[in-house]
Amino acid sequence: MTEPEGIRLQKVLAAAGVASRRASEILISEGRVEVNGTVVSEQGRRVDPERDTIRVDGARIPPPRRHRYLALNKPRGVVSTMEDPEGRRTLADYLPPRKPERLFHVGRLDVDTEGLILLTNDGEFAHRLAHPRFEVPKTYVAEVAGVVDRRTLQRLEKGLRLDDGPVRPDRIKLLSRGESRSLLTITLHEGRNRVVRRMLESVGHPVDRLARTGIGPVRLGQLASGTTRDLSRDELGALLDLVGM
């Protein structure tokens, strides 16, 4: 007698850290689990965690990890490459010691910009996440020279034309302002070179300090400068949804 194909759904949920097998059975009985867009009601349903899209309460449960997915808080002054012929500090200098593996950085931050950058050895994931077609939003906090007034905020909200085309942020908010400095948070879904700096400079407020604090659902949070962490299950699941994987 041949063994049925696939793995029991409650076992997959337990292995993913969602809940114990017994608690996963309760989730299934309550109609809170979907496989490929269909609510599962029967116990013992067998699935292929590598191919099937599984959700609990609408949240994507990513497949078992065959790759690495890391968040790094890049310090200011570090080059967004894995090696540098000029001998400058690179992303590789801040990776934890692991078995040899090639990691890709997803996109770049310029040398003077600090904050969140993602690294992975999943080439397709990295390609999609960096591709403009998927419009993954990125959030920045910028400290700028001068006092940003309401009129300037409105100009930014409506969008600007830079030398390489128009740009319009998804969201912009004034966090604080003093006598000669202002602090803004900006979210946009494109990654043209130094676009945030150029956008703010074009309205007369050059950037003194810039940090990326979010990429899609991933937030920098309390991650210390120069340290890394693995993406959480919820973060990875949401990113896989964003890039259609």
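Look a little higher up for the structure.
Parameters at a glance
- One numbering rule holds for all chains: residues counted from 1, following each sequence as written.
- Local features in a predicted model are, by the rule used here, given only for residues with pLDDT of at least 70; side-chain atom pairs are given and counted only at 80 or more, and totals for whole chains, interfaces and linings are based on all residues.
- Values reported for side chains reflect all heavy atoms of the structure, with hydrogen atoms and water molecules removed beforehand.
- Strands are labelled as partners when DSSP assigns at least two bridges between them.
- Each helix corresponds to a stretch of at least 4 residues labelled H or I by DSSP, and each strand to a stretch of at least 2 residues labelled E; elements are numbered beginning at the N terminus.
- We call two residues in contact when some of their heavy atoms are within 4.5 Å.
- Helix axes use the C-alpha atoms of the stretch in contact, all axes being lines fitted to C-alpha atoms, and the angles between their N-to-C directions lie in the range 0 to 180 degrees.
- The buried label applies to any residue whose accessible area, calculated with a 1.4 Å probe on protein chains only, is under 20% of its type's maximum; exposed applies above 50%, and partly exposed to all values in between.
- What counts as a salt bridge is simple: a side-chain nitrogen of Lys or Arg found within 4 Å of a carboxyl oxygen of Asp or Glu.
- The criterion for an aromatic pair is that two Phe, Tyr or Trp rings (for Trp, the six-membered ring) have centres within 6.5 Å, with stacked assigned to planes under 30 degrees apart, edge-to-face to planes over 60 apart and tilted to the rest.

**Q** Help me out: how do you make sense of the sheet that holds strand β6 (residues 59-61) in this one?
**A** Sheets are built from strands that pair by backbone hydrogen bonding, the pairs being arranged parallel or antiparallel. Reading across the sheet, the four strands line up as β3-β2-β5-β6 and stay open at both edges, with antiparallel pairing between neighbours. Of all strands in the sheet, those bounded by a partner on one side alone are β3 (38-39) and β6. Across the sheet, helix α6 (residues 233-242) is in contact with β5 (54-56) and β6; its angle to β6 comes to roughly 100°.

**Q** Just checking my understanding: could you explain α6 for this structure?
**A** Count 3.6 residues to each turn of an α-helix, and residues three or four apart come out pointing the same way. Looking at α6, one finds that the buried residues are Glu 235, Leu 236, Gly 237, Leu 239 and Leu 240. Once α6 finishes, Gly 244 follows within two positions and takes phi at roughly 70°, a positive value.

**Q** Even after reading the chapter, I still don't get the pattern of salt bridges, so can you show me in this structure?
**A** A pair can form between side chains of opposite charge whenever their charged atoms are brought close. Here the structure, examined in full by the defined rule, presents 19 salt bridges. Ionic pairing is found between Arg 197 and Asp 110, a salt bridge with its closest N-O pair at 3.4 Å. Of this pair, Arg 197 sits in helix α5 (residues 195-202) while Asp 110 sits in the loop between β8 (104-106) and β9 (113-120), and the two are 87 residues apart along the sequence. Pair check on accessibility: Arg 197 and Asp 110 agree, each one buried.

**Q** What should I look at first to understand unusual backbone geometry in this one?
**A** Note on backbone geometry: most residues besides glycine have negative phi, and most peptide bonds are trans. One non-glycine residue, Asn 36, lies in the positive phi region at around 55°. Examined against the element boundaries, Asn 36 turns out to sit in the loop between β2 (33-35) and β3. Although it is not a glycine, Arg 194 adopts a positive phi angle of roughly 55°. With respect to the helices and strands, Arg 194 occurs in the loop between β14 (181-188) and α5. The partly exposed category is assigned to Arg 194, whose relative accessible area is 37%.

**Q** For this particular structure, what's the right way to read the pairing of strand β15 (residues 207-215)?
**A** Successive side chains on a regular strand alternate, one facing one side of the sheet and the next facing the other. Sheet analysis places β9 next to β15, joined by three bridges and oriented parallel. Across the sheet, Glu 114 pairs through a bridge with Ala 211, a residue of β15. Bridging between strand β10 (residues 138-145) and β15 involves seven bridges; their strand directions are antiparallel. Residue pairing for β15: Tyr 140 is matched across the bridge by Arg 212. Sheet analysis places β15 next to strand β16 (residues 218-219), joined by two bridges and oriented antiparallel.

**Q** Can you walk me through the packing of aromatic side chains in this structure?
**A** Two aromatic rings, taken as a pair, are described by how far apart their centres are and by the angle between their planes. Counted according to the given criterion, the structure contains one aromatic pair. Relative to Phe 125, the ring of Tyr 69 lies with its centre 5.1 Å away and its plane at 85°, an arrangement referred to as edge-to-face. A residue pair is termed long-range when its members are at least 10 positions apart, and Tyr 69 in strand β7 (residues 69-74) and Phe 125 in helix α3 (residues 123-130) qualify at 56 residues. According to the relative accessible area criterion, Phe 125 is buried, its value standing at 2%.

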